[in-house]
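Below, each chain spelled out in residue letters.
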Amino acid sequence: MIAQPGLFDLPDPPPTPAVRAPRDRGRRGEHWTRTVVAGLHVVDRGALRDAAHRRLSEGIVIDLGPADDLDEDLLDPHEEIAISSAAAVRWWIDPTAGTWPELAEALRLDAVDLDASDETPRQVRASWSVTATITDLDVLRTLAAGPGRGDGTFPDLWNRAADPYAPLAGLPGISWEPIGVEIIRSR
């Protein structure tokens, strides 16, 4: 009788070669989203809130017509800033700082998202996302160029050309620490 291998006696399959992820160099017309997260420690609530009130008062006003009376529980932005450090951060931060207008020839901004939440009375977690379409990768490479920097992936180029944490520059009354930056191809 000839011995046949049983179900559990089959030989191990041959090893599969490791697949290397392609370097994401980016191409014209591709959509990318950069999401940044930071932990903020409020050291001077008054300075933070005063700055947010100034930014809100000096900002551009867009009249959208009569307000809906559907949500009477919504606070006036000035009231919200007065009671929440996270609200002050949301009204002060511009997620496009460092990207727009500096990279206007290289990227078209498609969407912006911003969130901040009070973790404790003195701790705020802030996150923002910017979605952009590549319009001219060569301009971005030029803006990101520096000694020994080479070509790099699109995420590397974007981070070198525009500091991901630039929106926090000049925010008074806080100290902060980076938590993470993620850049992914979207759509």
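Residues numbered from 1 in each chain as written. Predicted model: local features only at pLDDT ≥ 70, side-chain atom pairs only at ≥ 80, totals over all residues. Heavy atoms only, no water.

**Let's talk about the sheet that holds strand β2 (residues 107–120)**
Link 1 in the chain: With antiparallel pairing, four strands are arranged side by side in an open sheet as β2-β3-β1-β4. A strand with exactly one partner marks an edge of an open sheet, and here the two such strands are β2 and β4 (174–186). Here the average twist between neighbouring strands, direction ignored, is 15 degrees.
Link 2 in the chain: Note that strand β1 (residues 31–42) and β4 share twelve bridges and pair antiparallel. By the bridge assignment, Thr-33 is partnered in β4 with Ile-184.
Link 3 in the chain: The strands touched by helix α5 (residues 154–161) are β1, β2, β3 (123–134) and β4; relative to β1, the strand with the most contacts, the crossing angle is about 50 degrees. (Pairing = 2+ DSSP bridges. Helix = DSSP H or I, 4+ residues; strand = E, 2+ residues; numbered from the N terminus. Axes fitted to C-alpha atoms, helices over the stretch in contact; angles between N-to-C directions. Contact = heavy atoms within 4.5 Å.)

**Description of the confidence of the model for the protein**
Segments scoring low in pLDDT should not have their predicted coordinates read at a detailed level.
Link 1 in the chain: Taken as a whole, the protein shows an average pLDDT of 85; of its residues, 78% reach a score of 70 or greater.
Link 2 in the chain: Contacts from residues 16–22, a stretch scored under 50 in pLDDT, to residues over four places away or in other chains number zero contacts. (pLDDT = per-residue confidence, 0-100.)

**Considering the pattern of salt bridges**
Link 1 in the chain: Scanning all chains against the criterion turns up four salt bridges.
Link 2 in the chain: Note that Glu-30 is salt-bridged to Arg-185, the shortest N-O span being 3.2 Å. Of the two residues, Glu-30 is situated in the segment before β1 and Arg-185 in strand β4; the sequence distance between them amounts to 155 residues.
Link 3 in the chain: Look at Arg-185 and you get partly exposed, because its relative accessible area is 43%. (Salt bridge = Lys/Arg side-chain N within 4 Å of Asp/Glu carboxyl O. Buried < 20%, exposed > 50% of the residue type's maximum accessible area, 1.4 Å probe, protein only.)

**Focus: the nonpolar core**
Link 1 in the chain: Counting residues in hydrophobic clusters, the biggest one holds 22 residues, and the most contacted among them are Leu-40, Leu-48, Val-89, Val-124, Trp-128, Leu-168 and Leu-171.
Link 2 in the chain: Of all elements in the fold, only β1, α1 (45–58), α3 (85–92) and β3 reach the threshold of two or more residues within this core.
Link 3 in the chain: Excluding anything up to four places from it in sequence, Leu-48 contacts Val-42, Ser-85, Ala-88, Val-89, Leu-171, Pro-172, Gly-173 and Ile-174.
Link 4 in the chain: One finds Phe-154, Leu-157, Trp-158 and Ile-183 within the second-largest nonpolar core, a separate group that totals 15 residues. (Core = buried A, V, L, I, M, F, W, Y, C linked by side-chain atoms within 4.5 Å.)

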